[in-house]
Amino acid sequence: MDVLERIQQLKQTRGWSDYRLSVESGVAQTTISSWFHKQAVPSVISLQNICDAFQITLSEFFSSGSEAVVLTPPQRQLLDAFSVLNAGQQTALLQFLKSMEKPQ
């Protein structure tokens, strides 16, 4: 299931309209509508706001079934910090983290 299908599924489960999701998440209704009309993917920050509105974690959003991944507080903090970086910074950070891995 893709991101937009998952958002649609969560909206339907709760009986929410795009407007209600907008109010609950703080994401503009026009932005939400444009995702579906343009088949665009929300940013990580917008997706986090959507998850907060649905009162689920990003792990729960992406989980397939009952096997949700639970993030520790440091993992959540790392993900939050990563989500505000631009693409170049994210790539540089990933390269740095890989350089710290122990050789197998």
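Look a little higher up for the structure.
Summarised in this report is the structure supplied together with it.

With that settled, the discussion passes to the overall build of the protein chain. A count of helical and extended segments in the protein chain gives seven helices and zero strands. The order of helices and strands in the protein chain, counted from the N terminus, is α-α-α-α-α-α-α. Projected onto the principal axes, the alpha-carbon positions of the protein chain cover approximately 50 × 30 × 25 Å. Within the protein chain, the fraction of its 104 residues that count as buried is 29%. Counting only contacts in the protein chain whose residues sit at least 6 apart along the sequence, the fraction spanning at least 24 positions is 49%. Just so you have it, the protein chain exposes about 7300 Å², and 55% of that area is on carbon and sulfur atoms.

Summarising the element assignment, Ser-83 is placed in helix α6 (residues 73–83). Reaching out from Ser-83, the side chain makes a polar contact with the backbone oxygen of Asp-80 at a distance of 2.7 Å.

Phi angles above zero are rare outside glycine, and Gln-39 is one such case at about 55 degrees. Inspection of the secondary structure assignment puts Gln-39 in the loop between α3 (29–38) and α4 (44–54). Residue class for Gln-39 comes out exposed when judged on its relative accessible area of 56%. Look at Gln-55: it is not a glycine, yet its phi comes out positive at around 60 degrees. Mapped onto the secondary structure, Gln-55 falls in the loop between α4 and α5 (58–62).

With 17 residues, the main nonpolar core has Ile-7, Leu-21, Trp-35, Ile-50, Phe-54 and Phe-61 as its most contacted residues. In terms of residue count, α4 provides more of this core than any other element does, five residues in total. For Ile-7, the contacting residues outside a window of four places in its chain are Leu-21, Trp-35, Phe-36, Pro-42, Leu-47, Ile-50, Phe-54 and Phe-61.

Definitions and cut-offs
- Residues numbered from 1 in each chain as written.
- Predicted model: local features only at pLDDT ≥ 70, side-chain atom pairs only at ≥ 80, totals over all residues.
- Heavy atoms only, no water.
- Helix = DSSP H or I, 4+ residues; strand = E, 2+ residues; numbered from the N terminus.
- Buried < 20%, exposed > 50% of the residue type's maximum accessible area, 1.4 Å probe, protein only.
- Contact = heavy atoms within 4.5 Å.
- Areas by Shrake-Rupley, 256 points an atom, 1.4 Å probe, with all protein chains shown as cover.
- Polar contact = N/O pair within 3.5 Å; in protein donor to acceptor, adjacent residues only side chain to side chain.
- Core = buried A, V, L, I, M, F, W, Y, C linked by side-chain atoms within 4.5 Å.

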